[in-house]
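# Commentary on secondary and tertiary structure
Residues per chain, in single letters:
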Amino acid sequence: MNPKELLRLSVNSLRSNKLRTALTTLGIIIGVFAVILLVSIGTGLQSYITDKVSGLGSNLIFVIPGSVSGSRTAGGAVTNKLTLTEADILTQRLKNLAEVGPVIQKTSLVKFNSKSDKGTTVTGTTANFHTIIKISLTSGSFFTLSQERSGAKVAIIGPTVVDNLFNGQNPIGQKISVSGGKYTVIGVTEQRGSTLGIDQDNVVIIPIKAAQRQFGVTNVNAIYLSALKPELVSLVERRAKTTLLEKLTEDDFTLQTQEQTLSTISSITGVLTVALGGIAAISLLVGGIGVMNIMLVSVTERTKEIGLRKALGARRLDILKQFLLEAVMLSLAGGMIGILLGVAVSYILAKFFVSEVTLWSVLLAFFFSVVVGVVFGITPALRASKLSPIEALRYE
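Report on the accompanying structure.

Parameters and conventions
Residues numbered from 1 in each chain as written. Predicted model: local features only at pLDDT ≥ 70, side-chain atom pairs only at ≥ 80, totals over all residues. Heavy atoms only, no water. Helix = DSSP H or I, 4+ residues; strand = E, 2+ residues; numbered from the N terminus. Buried < 20%, exposed > 50% of the residue type's maximum accessible area, 1.4 Å probe, protein only. Contact = heavy atoms within 4.5 Å. Areas by Shrake-Rupley, 256 points an atom, 1.4 Å probe, with all protein chains shown as cover. Patch = residues over 30% accessible without salt bridge, like charges linked within 9 Å, V, L, I, M, F, W, Y side chains within 5 Å. Salt bridge = Lys/Arg side-chain N within 4 Å of Asp/Glu carboxyl O. Lys, Arg positive; Asp, Glu negative; His and termini not counted. Charge placed at Lys NZ, Arg CZ, Asp CG, Glu CD. Pairing = 2+ DSSP bridges. Core = buried A, V, L, I, M, F, W, Y, C linked by side-chain atoms within 4.5 Å. Phe/Tyr/Trp six-rings, centres within 6.5 Å; stacked < 30°, edge-to-face > 60°. Lys NZ or Arg CZ within 6 Å of the ring centre and 35° of its normal. Axes fitted to C-alpha atoms, helices over the stretch in contact; angles between N-to-C directions. Parallel < 35°, antiparallel > 145°, perpendicular 65-115°, else oblique. Left-handed = near helix turned anticlockwise from the far one by under 90°. Nonpolar A, V, L, I, M, F, W, Y, C, P; charged D, E, K, R; others polar.

This next bit is on the overall build of the chain. Each helix and strand in the chain was counted, giving 13 helices and twelve strands. Classification of the 396 residues of the chain by burial places 44% in the buried group. Pairs at least 24 apart in sequence give 79% of the contacts found in the chain among residues at least 6 apart. Put simply, the chain shows about 19900 Å² of open surface, and 61% of that area lies on carbon and sulfur atoms.

Here it is in structure tokens:
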């Protein structure tokens, strides 16, 4: 049997029972669609988080309290030994190499007149903080070095705070309550969006000494180091570690560079993407089993046809090729439709959420749709090819 005749027979066979063909193809469509969509969401999430972290600058190094192995209490909490003293020493030792910005962060109740927001992040920091993490202001100004040192009760607020508390009013010059303390608003940050579900715009930034007095703390949550040049990052990291080890142990702090942060995030989101793809692949597996079941039913229904063809001279290999080709055609058709739907929905979803279609996910989904057709089509095809022509013709 020549390939053209084989193809014609296979197409006619599939067209003769359109409902069965459509239902069989549907399983493959759903599987391929799910693979592309979920992998696109995972890849989009990875790109989104990476872009957000990269937006802080490649020169950043974070000093955070504790380490993975030590500096913890019996209950598992980190023992924080970082203070403003360490930040001041780092400022002196890293002069002309890096900007240093210690940070105190608390979630607090913020009020203006009758309106309030209890989930606002209050950040106490230094006057150079906006240059370290590249915050721009849409109005007003950042607090000065003299205001930082005196612990002036001034605040810079994010767009979410403006929306929640001021109802269209100009916030500059207004007094807000932060955990009971009164602060004058002197600036509004530009919109930065959310990262990992945390609203970066629901923030109030105040001088670090004002934060220490307000919350009664002496320790800092982190110290940000921003190397003046990318090539200085390694030197800043080494010098910062040496400086901190003069008073602290290696269990008391961790130095984390942006490259390390991005590497960790990429590892986590990479595993997430693979997991999502694996979950979706189960749908494709179920679709493949559906193809096999339908093809087995088809063999049973067409037993007489197979017997007649064998009696007229059709070889076992011809029957095997036809049924295998039908299974592959079903999988290919479902794969192509699933790819088109997956790509279309991913692009639509990208307008409202994070989603990024990748060529490798499309090729992978298409490859597996072909594999499904071959693997799950072999058993029915072999069964059909092994039928005895005499027994097949007698089949009722």
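Taken together, the side chains of Arg-149, Lys-153, Lys-209 and Arg-213 present a region of like positive charge at the surface. Note on placement: Arg-213 falls in helix 7 (residues 208-215).

Let us now look at a nonpolar patch on the surface. Together, Leu-19, Leu-23, Leu-26 and Ile-30 make up an exposed nonpolar region whose accessible area comes to about 400 Å². Topologically, Ile-30 is positioned in helix 2 (residues 18-54).

So, about the pairing of strand 1 (residues 60-65). Looking along a regular strand, one sees side chains alternate from face to face of the sheet. The buried fraction of strand 1 is high, at five of six residues. Bridge count between strand 1 and strand 11 (residues 222-227): four bridges; the pairing is antiparallel. When the sheet's bridge partners are listed, Leu-60 is paired in strand 11 with Ser-226. As paired elements, strand 1 and strand 12 (residues 253-257) share five bridges and run antiparallel to each other. Paired with Phe-62 across the bridge in strand 12 is Gln-256.

This next bit is on the nonpolar core. Side chains that are nonpolar tend, in soluble globular proteins, to be buried together. If you look at the biggest cluster of nonpolar residues, it comprises 42 residues, and the most contacted ones within it are Leu-94, Ile-157, Ile-176, Val-204, Leu-225 and Val-236. Sort the elements by how many residues they give to this core and strand 2 (residues 98-112) lands first, with five residues. Ignoring anything within four residues of it in the chain, the contact list for Val-236 reads Ile-61, Leu-94, Leu-97, Ala-98, Leu-225 and Ala-227. Listed in part, the 17 residues of the second largest apolar core include Ile-132, Phe-142, Phe-143 and Ile-156.

The final tally for this structure, using the stated rule, is four salt bridges. Ionic pairing is found between Glu-86 and Lys-247, a salt bridge with its closest N-O pair at 3.3 Å. Here Lys-247 lies in the loop between helix 8 (233-244) and strand 12 and Glu-86 lies in helix 3 (residues 84-93), a separation of 161 residues in the sequence. Relative accessible area serves as the criterion here: at 55%, Lys-247 is assigned to the exposed category. Linking Lys-241 and Glu-250 is a salt bridge whose minimum nitrogen-to-oxygen distance equals 4.0 Å. Taking relative accessible area as the criterion, Lys-241 reaches 36% and is therefore assigned partly exposed.

Summed over all chains, the structure comprises four aromatic pairs. Pairing Phe-142 with Phe-143 gives two aromatic rings, centres 4.7 Å apart and planes at 35 degrees, and the pair type is tilted. For Phe-142, a relative accessible area of 9% gives the class buried. Counting every residue linked through ring pairs, the aromatic cluster contains Phe-62, Phe-129 and Tyr-224. Over the face of the ring belonging to Tyr-183 we find Lys-153, whose NZ or CZ atom lies 5.5 Å from the ring centre.

Below, the discussion takes up the environment of Phe-33. Of note, Phe-33 is situated in helix 2. We classify Phe-33 as partly exposed; its relative accessible area is 25%. Considered as a pair, Phe-33 and Gly-342 are 309 residues apart in the sequence and their alpha carbons are 4.5 Å apart.

To continue, consider the packing of helix 3 against helix 8. Closest axis-to-axis distance for the helix 3/helix 8 pair is 10 Å, and the angle between their directions is 135 degrees. Relative to helix 8, the element helix 3 lies oblique. The handedness of the crossing between helix 3 and helix 8 is right-handed. For the pair helix 3 and helix 8, contact is made by Glu-86, Ile-89, Leu-90 and Arg-93 and by Arg-239, Ala-240, Thr-243 and Leu-244, respectively. Residues of the contact of helix 3 with helix 8, tallied by class, amount to four nonpolar, one polar and three charged.

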